[in-house]
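Descriptive analysis of the structure
These are the residues of each chain, in order.
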Amino acid sequence: MKKKKTVAEDPAEMNASDSSHEEDSEEAPVKAKRSKPDEAGGEEVVYHPVKLSRNDLYRPPTAEELNQLKEAESLFHCSLLKMQMEELLKEVALSEHRKQQIDSFIQTVTELLQSVPDSAEVEVSDLSWLSGAVKVPFLLVPKTTKGKFHMAPPASVDLIGSYPLGTCTKPRVMVDLAVTIPPDVLHPKDVVNQRYPRKRALYLAGLAQYLTSSSDIGTMRYSCLHGNRLRPVLLLTPPGSSSFTVRVHACPPPGFFKPNRFHPQRNNIRSEWYTGLQTSQSENSEPPTPRYNSSVLGDLLPRAHLQFLSAVSSQCSAFAHGVALLKVWLRQRELDQGTGCFNGFLASMLLAYLLSTHRISNTMTAYQLLRNSLNFLASTDLTVNGITLAKNPDSTAPSLAEFHSAFQVVFVDPSGHLNMCADMTACTYKQLQHEASVSMEFWDNPTVDGFHSLLMTPKPMIRTSDHVFQLCELVKLQSSCKKLNLLSELMDHSGNYVHAALPFILSLLQRGLGQRIRLLTHSLSPDLEWSVESEAPKHKAQPPLSFGMLLRPELAASVLERGPPADSPKAAEFRQLWGSRSELRRFQDGAITEAVLWGGESMCQKRLVPKQIVTYLLQLHADIPESCIRYVGAMVDDVIKTGSEVPTTGEEESLLVVQSYDDLSRKLWRLEGLPLSITAVQGAHPALRYTQVFPPVPLKLDYSFFEREKTSRSLVPKEGKPCPAYITPIKVICHMEGSGKWPHDRLAIRHIRTAFHIRLGGLLKKHHNYTCRPCPTHLDVWKDGLVFRIQVAYHREPQVLRESVNAEGLLIVRDNEEAQALEMATIHKPLLTSTLHGLQQEHPCFGAVCRLAKRWLGAQLFSEDITEDTSDLLVASLFLQPAPFTPPGSPQVGFLRFLHLLSSFDWRNNPLVVNLNNQLTAADYTEIKNDFMASRESLPVMFIATPKDKNLSIWTKRAPCVQMLQRVVMVAAESLKVLEHQLMDGSQTQDVRVVMRPPLDAYDVLIHLNPKQVPLLCQAVDPPPVNFSRGVLTSGRAQSGGALPVVDYNPVSLYLTELRDAFGDLALFFCDPYGGSVIAVLWKPKAFIPMPFKTSQVSARCVEVTGEEVNTVPNVEAILEDFRVMGEGLVKSVEARTEKWSF
């Protein structure tokens, strides 16, 4: 065993196949191949199986192997997680070939830099020595400052950062190079008034000017270190390759400036110089400039930091791997880049802190280092209790309290002088804390795929936050700084009004939104890059600033903001925050308090109360007009909105249906005069679980629009009139008690059920005056402008349907489709409806997410393949197992995650387990997974397991097929990409309905329908203007009683059923059930293969004679004519778009 392992890991053998010319792609590194021609030697290296003797094969495991087995058992849920992490580390590590390329390029760059020529000494503000081709990477505001400058070769060129430390990872490979500015270029007083930062920028420009003439350098660009404009860097890439970038930093000689000059309470930017106005302030009365100080100090310490981290990592063998995993975790959460990010350097320092304080040990694995780091982040609030790496700081070093008074987040470096989190806002750290605690929550859950959730799932803001809004015109933040009186902050941030105003805006929003939100996050300004030939971009030249909110659903939609009592000292503070919106109100409990009332009648309006708060507060306190705020919290909701006066997304209508159903249910329970008592009344319709896309609306009928049926006096449509409004029958299952009187014959049971329908109808008419129409299969009840379809059920009927007697008189029990369909209708659907109704009570936006998901499936013509029940279960899984997210708090974010689930879930190799009511244990999950793998080939392609259906996936047994699932996955991925781009990019034409419009190019025939005969036309994605009536009065309240309306009459679905029955073997038919006026037809490829002539198979086929052979092929022209004839009055035109059948 040991020998086998040694052979597998022999470096010489492993490198033989991938050391020659390894190509590393940025995103997905190519895996090492087993055999590959060696281009240098022209030989092919082939691996041969290792022959082991019997003794070697059965040799006991070594101590190291036993250790690894024990570790896999105790640390990981399973050995798979250990292997996944090891594979991930291999994927992000730099290959030897890449390292050789980097070393070679670094050597070239170093030699070039050391030969930089000297130049004459000039004033700092004199740029005449620079050629016009190269610009200075600095915003020179104010224009001038004192000091002399000249170019000279660097005192030294050193590697710093992650590359020499061994923690550099793909895909964004950055190699840091520190170029030491010669001491005679600088002056000890250069710390004042941006002299040093300007000389630093000039030195970089001088280097860029010299390097432009070299052919050994590919592209050259400027950037800023983590978005800090005071710390520009020069980015170099080798010619013909962009697989890595060298980042050149200009630094002062170590110890050139005294660290105590950079105390966070000292001032190094004079007001008189910055404003150009004469002031009488002394240096001591100037405002402190902590961020400016830390920017300059940060340039003094990179070598010391590298020495410190090298010493720590040399003692911990898994240090580099631990940092790599932490960097992957940060990258997936978009926390590793930009201004105030938690970058790889901070990740390394955090691990060093945990090692130095013995919170983790040197012998721990990378997995344990990551776990302990996240646990520490989740449980430690650096905004309140900062941490320091300084063991014995000197007497001039600031205290933690002094750091806290100047910065929002405190993490002090080993020197004791520098706060490494100086640019980080409290909100960013709170986001980091939140992400760490969420990760720790699901890490130990054996039912969650921890590896994918933790390290493989990206979490962009639009998919993570419930509501997102953007500040578009960042130049407006200048007036915010003026209004908020932020001159000293502007000086400290060297004029960067975006970063100066941001903490104040965040604090304002935190106060205003209060308990409505769990978390407020913001995007990190990206590290801008620009050409060395361009001027440094202005502060406003960056993408809009995005803010994300995680809502508390139970409080976020409240229209009332109740403040302190009128006589309380806090009342003045409340009035100052809310301005004219604050007013005194008296409440039912007698209290008189300050309060703010926001607008909103329907639920979809109340969901946007946070928008009203944000726009009002920013206008009032920060001078940011509403036109500059782009709120994308509920843009997608438009596609399910109805109602002209008060827009609604279905919550109110669903509630009305549920209330009417509850009333009917109570009345059914109280009925007397039935031969058997009712044991259960259960709803079995999506509207009763709040997930019907457009819930049934109580209707008041215009009787003049209809004719009367002669015997029952029910309403029927008039000839030549538009199709009447569609009335959905709301299905209700009524279970009768078991009794020996029930027959054991299937036909007799049906007759008894019909008798019950008649009796129920009679009793409801007699006691409540409801119009009822009994049928053999159901009873329709017209109540409150809605139709309820009651179906009587007997619990043993499915069993009776399975029983039959054979010729010998023996009883045979055999499952059949009829029994399964009855079980589905009377047992499974009612149970699903009541369970999902409970989920809606727990998560108020569950129903709206389901409605959006089903609207998309319908619009993209997938509703026949992903049924309503399947879709509802898919959405339920997002709420029950949201890892790595929190449960959706708004319909829009839920819909985006639905698209992500559809497009990224591995349907081939995994079952989707929906743990309704939390009934499944970890053992059940394992059993479901094992059974799924054992019988994968015989199971549906989309497998959904629930507590009552662990092995069969009854909801997806019929559909989708493999081809349709592939299509759904592809369209979902494209829709997600387009929609997220639409929502986050304000420069695009805003039309979220674009993801609801299906691509019709893929279909062979389009059947265009007459809009007047499409009853749900108003529900279409782009409804046409309608100037005709469908027999419904808009005024007045719907009543029970009166003539029974036309129920469940939809010519489009009836026509589709006929088409599928007649031509289902030749083609597939697709239509949007929500107002679609086009039926798309796709010919089946096998349908056009010529078949031998048979008299029994000539339907819709024509005969072709070739020599001796007589074959039949589909007669397409006749079929298209049949489409017209069958849909006479409904079909407007039939458009043949392809001629696939003709070749």
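No experiment lies behind these values; they were computed from the predicted model shown.

Considerations on the overall build of the protein chain
Assigned secondary structure in the protein chain consists of 36 helices and 39 strands. Overall size of the protein chain, expressed as C-alpha extent along the three principal axes, is 110 × 90 × 60 Å. In the protein chain, which comprises 1143 residues, the share counted as buried stands at 52%. A sequence separation of at least 24 residues applies to 72% of the contacts in the protein chain between residues at least 6 apart. Surface exposure of the protein chain reaches about 51,600 Å², of which carbon and sulfur atoms provide 53%.

Details of the domain arrangement of the protein chain
Domain parsing of the protein chain yields domain 1 (2-75), domain 2 (94-257), domain 3 (461-559 + 598-633), domain 4 (862-997) and domain 5 (1000-1142). Spacing between the C-alpha centres of domain 2 and domain 3 amounts to 34 Å. Across the domain 2/domain 3 interface, buried area totals approximately 1,700 Å², and carbon plus sulfur atoms make up 52% of it. Across the pair Arg221 and Glu529 runs a salt bridge whose closest N-O atoms are separated by 3.5 Å. Counting across the domain 2 and domain 3 interface gives eight residue pairs in polar contact (both at pLDDT 80 or more). Listing elements by their share of the side of domain 2 that touches domain 3, those giving two or more residues are β7 (220-225) and β8 (228-236). Considering each element in turn, the side of domain 2 that touches domain 3 owes the most residues, five residues, to β7. Here the residues of the side of domain 2 that touches domain 3 sort into 13 nonpolar, four polar and four charged.

Concerning the sheet that holds strand β34 (residues 1067-1071)
Overall, antiparallel pairing links the four strands, which are arranged β34-β35-β32-β39 in an open sheet. In this open sheet, the two edge strands, each paired with only one partner strand, are β34 and β39 (1131-1136). Between one strand and the next, the sheet's axes are offset by a mean angle of 20 degrees, whatever the strand orientation.

Quick notes on the sheet that holds strand β18 (residues 592-597)
Here three strands make up an open sheet; going across it, the order is β16-β18-β17 and the pairing antiparallel. Only two strands of the sheet have a single partner each, and these edge strands are β16 (560-565) and β17 (583-586). When the angles between neighbouring strand axes are averaged without regard to direction, this sheet yields 45 degrees. Bridge analysis of β16 against β18 gives four bridges, and the strand direction is antiparallel. Its bridge partner being in β18, Glu561 is matched across the sheet by Val596. Relative to β16, helix α23 (residues 570-578) is tilted by about 145 degrees, and along the sheet it contacts β16 and β18.

Side note on the UniProt feature "domain: Nrap protein" (unreviewed entry) in the protein chain
With numbering aligned to this structure, UniProt lists the feature "domain: Nrap protein" (unreviewed entry) at residues 175-314, 318-457, 463-622, 637-841, 843-998 and 1000-1134. End C-alpha atoms of residues 318-457 are separated by 24 Å, and the span's content is 52% helix alongside 3% strand. Across residues 843-998, helical content stands at 49% and strand content at 3%; the span's end C-alpha atoms are separated by 30 Å.

Structural notes on the nonpolar core
If you look at the biggest cluster of nonpolar residues, it comprises 166 residues, and the most contacted ones within it are Leu234 and Phe411. With 10 residues, the top contributor of residues to this core is helix α21 (residues 497-513). Excluding residues that lie within four positions of it along the chain, Phe411 makes contacts with Leu346, Met349, Leu350, Tyr353, Leu382, Ile387, Leu389, Leu418, Asn419, Met420 and Cys421. In terms of nonpolar packing, the next biggest core, distinct from the first, is built from 62 residues, Phe694, Leu861, Met942 and Phe1070 among them.

Re a nonpolar patch on the surface
A cluster of nonpolar residues, Phe1093, Val1103, Val1105 and Val1110, forms a patch on the protein surface that exposes about 330 Å² of accessible area. With respect to the helices and strands, the residue Val1105 is situated in strand β37 (residues 1101-1106).

Quick word on the environment of Ser494
Within the secondary structure, Ser494 is located in the loop between α20 (487-492) and α21. Taking the C-alpha atoms as reference points, Ser494 and Ser465, 29 residues apart in sequence, are found 32 Å from one another. In this structure, Ser494 is in contact with Gln194, Leu230, Tyr274, Tyr292 and His539, ignoring residues within four places of it in sequence. Polar contacts involving the side chain of Ser494 include one to the side chain of Gln194, which spans 3.5 Å.

Details of the environment of Lys957
You can see Lys957 is positioned in the loop between β31 (944-945) and α34 (962-984). Discounting chain neighbours no more than four positions away, the residues touching Lys957 are Gln820, Pro940 and Leu952.

Details of the confidence of the model for the protein chain
Averaged over all residues, the pLDDT of the protein chain equals 86, while 93% of them reach at least 70. Per-residue pLDDT stays below 50 along residues 1-44; that stretch engages in 53 contacts with residues further than four places along the chain or on separate chains.

Considerations on helix α12 (residues 319-332)
The end-to-end C-alpha separation of α12 is 20 Å, in line with the 20 Å expected for 14 residues at 1.5 Å each. Burial analysis of α12 places 11 of its 14 residues in the buried class, which makes it a mostly covered element. Those residues of α12 that fall on the buried side of the exposure criterion are Phe319, Gly322, Val323, Ala324, Leu325, Leu326, Lys327, Val328, Trp329, Leu330 and Gln332. Positive phi appears at Glu334, one or two residues downstream of α12, with a value of about 55 degrees.

Observations regarding helix α32 (residues 891-904)
Between its terminal C-alpha atoms α32 stretches 20 Å, which fits the 20 Å expected from 14 residues at 1.5 Å a residue. Among the 14 residues of α32, 12 are classified as buried, and the element is accordingly described as predominantly covered. Among the residues of α32, Pro891, Gln892, Val893, Gly894, Phe895, Leu896, Arg897, Phe898, Leu899, His900, Leu901 and Leu902 are the ones counted as buried. Contact partners of the buried residues in α32: α18 (461-464), α30 (846-859), α31 (868-880), β30 (912-913) and α34.

Re the packing of α23 against helix α25 (residues 609-622)
Describing two packed helices takes the angle between their axes plus the distance from one axis to the other. Packing of α23 against α25 brings their axes to within 9 Å, and their N-to-C directions diverge by 95 degrees. One element, α23, and the other, α25, form an angle in the roughly perpendicular class. Taken together, the residues of α25 that come into contact with α23 (itself represented by Gln576, Leu577 and Trp578) are Ile613, Tyr616, Leu617, Leu620 and His621. Looking at the contact of α23 with α25 residue by residue, the class counts come to six nonpolar, two polar and no charged.

Describing the side chain of His150
Checked against the element boundaries, His150 lands in the loop between β4 (148-149) and β5 (156-160). Overall, the relative accessible area of 10% leaves His150 in the buried class. Within the structure, the side chain of His150 is placed 3.5 Å from the side chain of Asp184, a separation counted as a polar contact. With sequence-adjacent residues up to four places away left out, His150 is seen in contact with Ser119, Ala120, Glu121, Asp184 and Val185.

Quick look at the packing of aromatic side chains
For the structure on display, the rule yields 26 aromatic pairs. Ring geometry for Trp129 versus Phe149: centroids 5.5 Å apart, planes at 35 degrees, classification tilted. Here Phe149 lies in strand β4 and Trp129 lies in the loop between β3 (122-123) and β4, a separation of 20 residues in the sequence. On the basis of relative accessibility, which here comes to 1%, the residue Phe149 falls in the buried class. The interplanar angle of 85 degrees and the centroid separation of 5.0 Å between the aromatic rings of Phe256 and Phe257 together place this pair among those described as edge-to-face.

A look at the pattern of salt bridges
Between side chains of opposite charge, a pair can form when the charged atoms approach closely. Per the counting criterion, the structure on display carries 51 salt bridges. What emerges from the salt-bridge pattern is a single network uniting Arg689, Lys829, Lys854, Glu868, Asp869 and Asp872.

Regarding the pairing of β37
Here β37 runs beside strand β38 (residues 1109-1114); their pairing, made up of six bridges, is antiparallel. Bridge pairing in β38 links Glu1104 to Asn1111. Linking two consecutive strands that pair antiparallel, namely β37 and β38, is a turn of two residues; a positive phi of about 65 degrees is found at Gly1107 within it.

Some remarks on unusual backbone geometry
Lys170 connects to Pro171 through a cis peptide bond whose omega is 5 degrees. For Pro171, the location among the structural elements is in the loop between α7 (162-165) and β6 (174-180). Geometrically, the link from Ala883 to Pro884 is a cis peptide bond, its omega value of 5 degrees lying close to zero. For Pro884, the position within the fold is in the loop between α31 and α32. For His358, which is not glycine, the phi dihedral falls at a positive 60 degrees. Along the chain, His358 turns up in the loop between α13 (344-356) and α14 (366-379). A positive phi is found at Asp1048, a non-glycine position, where the angle reads about 55 degrees.

About the thresholds
- Residues numbered from 1 in each chain as written.
- Predicted model: local features only at pLDDT ≥ 70, side-chain atom pairs only at ≥ 80, totals over all residues.
- Heavy atoms only, no water.
- Helix = DSSP H or I, 4+ residues; strand = E, 2+ residues; numbered from the N terminus.
- Buried < 20%, exposed > 50% of the residue type's maximum accessible area, 1.4 Å probe, protein only.
- Contact = heavy atoms within 4.5 Å.
- Areas by Shrake-Rupley, 256 points an atom, 1.4 Å probe, with all protein chains shown as cover.
- Domains from an automatic or database assignment.
- Buried area = accessible area lost by both parts, 1.4 Å probe.
- Salt bridge = Lys/Arg side-chain N within 4 Å of Asp/Glu carboxyl O.
- Polar contact = N/O pair within 3.5 Å; in protein donor to acceptor, adjacent residues only side chain to side chain.
- Nonpolar A, V, L, I, M, F, W, Y, C, P; charged D, E, K, R; others polar.
- Pairing = 2+ DSSP bridges.
- Axes fitted to C-alpha atoms, helices over the stretch in contact; angles between N-to-C directions.
- UniProt positions renumbered as here; feature names shortened; annotations may be inferred.
- Core = buried A, V, L, I, M, F, W, Y, C linked by side-chain atoms within 4.5 Å.
- Patch = residues over 30% accessible without salt bridge, like charges linked within 9 Å, V, L, I, M, F, W, Y side chains within 5 Å.
- pLDDT = per-residue confidence, 0-100.
- Expected span 1.5 Å × (residues − 1).
- Parallel < 35°, antiparallel > 145°, perpendicular 65-115°, else oblique.
- Phe/Tyr/Trp six-rings, centres within 6.5 Å; stacked < 30°, edge-to-face > 60°.

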